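Summary of structural features
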Amino acid sequence: KEACYSATAALNYAKLHVEKHPQSKVLVIASDIAKYGINTPGEPTQGSGSIAMLISQNPRLLELHDDNVAQTRDIMDFWRPNYSTTPFVDGMYSTKQYLDMLKTTWAEYQKRSGKTLADFSAFCFHLPFPKLALKGFNKIMDKSLPDAKKEALKANFDASITYSRQIGNIYTGSLFLGLLSLLENSEHLQAGENIALFSYGSGAVAEIFSATLVDGFKSQLKTNRKEELESRQSISVADYETIFFEEDALDEDGNASFADYVTNDFSLVAIKG
C-alpha cells in the first residue's frame, strides 16, 4: 500500500537531512515493479523506468519549499500482497479516490499556504495514466483565471505528460518522470517560476508541495530524450508474454547472469548472492 508515494517520502527525508547537515548530499532513487497481470484492465498502463534525484544545499534545478500538505485514507483501491507478483486493483474506485484526494488536499493546501493556481506556472501530477491526470487538472482548474493563464498551464501540463505517454506508469517514479518531462519539453518555463506537485499512493496517501526553478536550470536538461525513447525496439505480443513469465534462474548461491539482455548502455548482466 501507498507504494507510489514512497519517493516523495524519501524526498522529504532527504530534504530534512540536508537541512540539518548542509554539507551532505542525498541520492533518492524512485523505482518500482509496475507489472500487472496478463489480460488485466491495468496491463495497458504499465511501464518500466526509474528516476534519480540528487538533493543538496545548492540545487541546480529547483528549490523545494516547506509547504507540504498530506492526507491519508485507509482504503483498498490497489494492493500487492506478499504472495502475488502482480497487484490487485479496483480501477474505478481507485480513480475516484485519486481525484477526490487531489481536490480535498488542494483545498487544504490553498487554505494553509495562501497560494492559488495563479501562483504557479505548472502543476505536475502522479501519472497512473495521462487521462487521469488530465481529469485531475480539469478538476482543480480555477475558472476565474484569465484565458492566457489557463492556456499556459494547459501547455505545461501537456509537456509534463509527454514522456509518460511513451513510457507508461512507472509507479513510484511517475510524478518525477512528469516533472522531468515538464522541464525538458516546456517552451516557456523560466527561473523563479513556481511548480506545484501532487503525489499519490494507493491505500492511500496524497501530498501536495511546491518548488521554484533556479537560475541555470536549463543547462542541466537533456535535449534529445524524446529521440532516445523513439529509438526503442518494438516487440511482438508473443515475445512480451514470454518475457513476462520468465523468472530469474538463480543457482544455489543466489547467482545468475543475463547475457541475452545486454542491449544498451545500461543493462542487468548479473545477480550475485
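Attention in this report is confined to the structure presented alongside it. (Residues numbered from 1 in each chain as written. Predicted model: local features only at pLDDT ≥ 70, side-chain atom pairs only at ≥ 80, totals over all residues. Heavy atoms only, no water.)

**Quick notes on helix H1 (residues 6-20)**
Formally: Secondary structure elements follow DSSP: runs of H or I no shorter than four residues count as helices, runs of E no shorter than two count as strands, and numbering proceeds from the N terminus. Helices are assigned an expected span. That span is 1.5 Å times one less than the residue count. Every residue pair with non-hydrogen atoms within 4.5 Å of one another is taken to be in contact.
Helix length check: H1 (15 residues) gives 21 Å between terminal C-alpha atoms against 21 Å at 1.5 Å per residue, within 8%. Its buried side turned inward, H1 meets strand S1 (26-31), strand S2 (50-55), strand S3 (62-64), helix H6 (174-185), strand S8 (194-201) and strand S9 (205-213).

**Comments concerning the nonpolar core**
General note: in soluble globular proteins, nonpolar side chains tend to be found buried as a group. Quick reminder of the rule: Grouping buried Ala, Val, Leu, Ile, Met, Phe, Trp, Tyr and Cys residues that are joined through side-chain atoms within 4.5 Å yields what is termed a nonpolar core. Burial classification: accessible surface area is computed with a 1.4 Å probe over protein chains only, and a residue below 20% of its type maximum counts as buried, one above 50% as exposed, and the rest as partly exposed.
By size, the foremost hydrophobic cluster in this structure holds 32 residues, and its most contacted members are Ile55, Phe176, Leu179, Leu182, Leu183 and Ile195. The element best represented in this core is H6, accounting for 6 residues. Sequence-distant contacts of Ile55, defined by excluding residues within four places in its chain, comprise Leu11, Ala14, Lys15, Val18, Ser24, Lys25, Val26 and Val28. Counting residues in each nonpolar core, the second largest holds 28 residues, with Leu117, Leu132, Leu153 and Phe198 among its members.

**Looking at the pattern of salt bridges**
Note the threshold: We define a salt bridge as a side-chain nitrogen of Lys or Arg found within 4 Å of a carboxyl oxygen belonging to Asp or Glu.
The final tally for this structure, using the stated rule, is 8 salt bridges. With a closest N to O distance of 2.9 Å, Asp67 and Lys115 form a salt bridge. Here Asp67, found in the loop between S3 and strand S4 (69-72), pairs with Lys115, found in the loop between helix H2 (91-113) and strand S7 (122-125); they are 48 residues apart in sequence, far enough to count as distant. When its relative accessible area of 21% is taken as the criterion, Lys115 is described as partly exposed. Between Glu108 and Arg112 there is a salt bridge, with the nearest N and O atoms lying 2.8 Å from each other. Taken together, the positions of Glu108 and Arg112, both in helix H2 and 4 residues apart, correspond to about one turn of that helix. Look at Glu108 and you get partly exposed, because its relative accessible area is 27%.

**A closer look at the state of the cysteines**
What counts, and what does not: In what follows, a disulfide is any cysteine sulfur pair within 2.5 Å.
According to the stated counting rule, one finds 0 disulfides in the structure shown. For Cys4, which is in no disulfide, the shortest distance to another cysteine sulfur is to Cys124 and amounts to 16 Å. On the basis of relative accessible area, Cys4 is assigned to the buried category, the value being 12%. By relative accessible area, Cys124 is classed as buried at 1%.

**Some details on the packing of helix H3 (residues 130-140) against helix H4 (residues 147-160)**
Applicable threshold: Whenever a helix is involved, its axis is fitted only over the stretch in contact; in every case the axis is a line through C-alpha atoms, and angles between N-to-C directions fall within 0 to 180 degrees. Here the angle decides the label: under 35 degrees means roughly parallel, over 145 means roughly antiparallel, 65 to 115 means roughly perpendicular, and every other value means oblique. By the definition used in this description, the sense in which the near helix is turned from the far one sets the handedness, with an anticlockwise turn below a right angle giving left-handed and a clockwise turn giving right-handed.
Where H3 meets H4, the closest approach of the two axes is 11 Å, and the angle between their N-to-C directions is 160°. Here H3 lies roughly antiparallel to H4, going by the angle between them. The two elements H3 and H4 cross, and the hand of that crossing is right-handed. Note on element contacts: H4 touches H3 through Leu153, Lys154 and Phe157, opposite Pro130, Ala133, Leu134 and Phe137.

**Some thoughts on the side chain of Thr86**
Following the sequence through the fold, Thr86 ends up in the loop between strand S5 (78-79) and strand S6 (88-89). Other than its neighbours up to four places away in sequence, Thr86 contacts Lys35, Tyr36, Gly37, Arg80 and Phe244.

**A look at the pairing of S2**
We apply this condition: A pair of strands is labelled paired if DSSP reports no fewer than 2 bridges between them.
Only one face of S2 is buried: it carries Ile51, Met53 and Ile55, and the other face, with Ser50, Ala52 and Leu54, is open. Inspection of the sheet shows S1 paired to S2 by 6 bridges, in the antiparallel sense. Residue Val26 lies in a different strand from S2, and its bridge partner there is Ile55.

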